[in-house]
Amino acid sequence: MAQGYVVLGADHAGYPLKERISAALHEQGYECEDVGTHSTESCDYPEFASRACRRVLEREVPGILICGSGLGMSMSANRFSGIRAALCGTEYAAKMARGHNDANVLCLGARIIGEDLAWAIVEAFLGTGFQGGRHAKRVELMDSLGSS
């Protein structure tokens, strides 16, 4: 039985880490949708952020985006209404992003963190649920910012 469904996307700098995370997720029983890129050939991260975010919104599942720093992917992803992308460099940040901010996209910087830390962050992100309560109002306020 599958653990869940995750959308993955990366640019050329994030491609090797995306492949490793995808393999680890499959080992854990996750079903992964990989929207690219599929090589280390230079490409434009906004294209892959867009593909992934559209799928996250359509399927209402979490996404993971990876580029060199994580910054370009997070900035691109947060342009989409309904996406709450969090660039995380620690397990704690990933837990807070999910638990307090109901983040639905995790962004990682492949040139900043190592594989072991990246995997620990992914596990923390996917293993943490939204706490709701007082945080729900704040998420609603965040989501309304773009519509004013």
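The coordinates are above.
Residues numbered from 1 in each chain as written. Predicted model: local features only at pLDDT ≥ 70, side-chain atom pairs only at ≥ 80, totals over all residues. Heavy atoms only, no water.

The five strands lie next to each other as 2-1-3-5-4, forming an open sheet whose pairing is parallel. Looking along the sheet, the strands with just one partner apiece sit at the ends: strand 2 (30–34) and strand 4 (85–87). Pairs of neighbouring strands in the sheet enclose a mean axial angle of 25°, with direction left out of account. By the bridge criterion, three bridges tie strand 4 to strand 5 (residues 105–109) in an arrangement that is parallel. Bridge pairing in strand 5 places L87 opposite C107. Running over the sheet, helix 5 (residues 115–126) touches strand 1 (4–10), strand 2, strand 3 (63–67) and strand 5 and is turned about 170° from strand 5. (Pairing = 2+ DSSP bridges. Helix = DSSP H or I, 4+ residues; strand = E, 2+ residues; numbered from the N terminus. Axes fitted to C-alpha atoms, helices over the stretch in contact; angles between N-to-C directions. Contact = heavy atoms within 4.5 Å.)

Our focus in this paragraph is the packing of aromatic side chains. Per the stated rule, a full pass over the model turns up zero aromatic pairs. Directly above the aromatic system of F125 lies the positively charged group of R98, at a separation of 5.5 Å from the ring centroid. (Phe/Tyr/Trp six-rings, centres within 6.5 Å; stacked < 30°, edge-to-face > 60°. Lys NZ or Arg CZ within 6 Å of the ring centre and 35° of its normal.)

For the structure on display, the rule yields nine salt bridges. One salt bridge connects E47 with R51, and the closest N-O pair in it is separated by 2.4 Å. Taken together, the residues span about one helical turn, with E47 and R51 both in helix 2 (residues 45–59) at a distance of four residues. Under the relative-accessibility criterion, R51 is labelled partly exposed at 36%. Residues R84 and D102 are paired through a salt bridge, measuring 3.2 Å at the closest nitrogen-oxygen approach. Of this pair, R84 sits in the loop between helix 3 (71–77) and strand 4 while D102 sits in the loop between helix 4 (91–99) and strand 5, placing them 18 residues apart in sequence. For R84, a relative accessible area of 14% corresponds to the buried category. (Salt bridge = Lys/Arg side-chain N within 4 Å of Asp/Glu carboxyl O. Buried < 20%, exposed > 50% of the residue type's maximum accessible area, 1.4 Å probe, protein only.)

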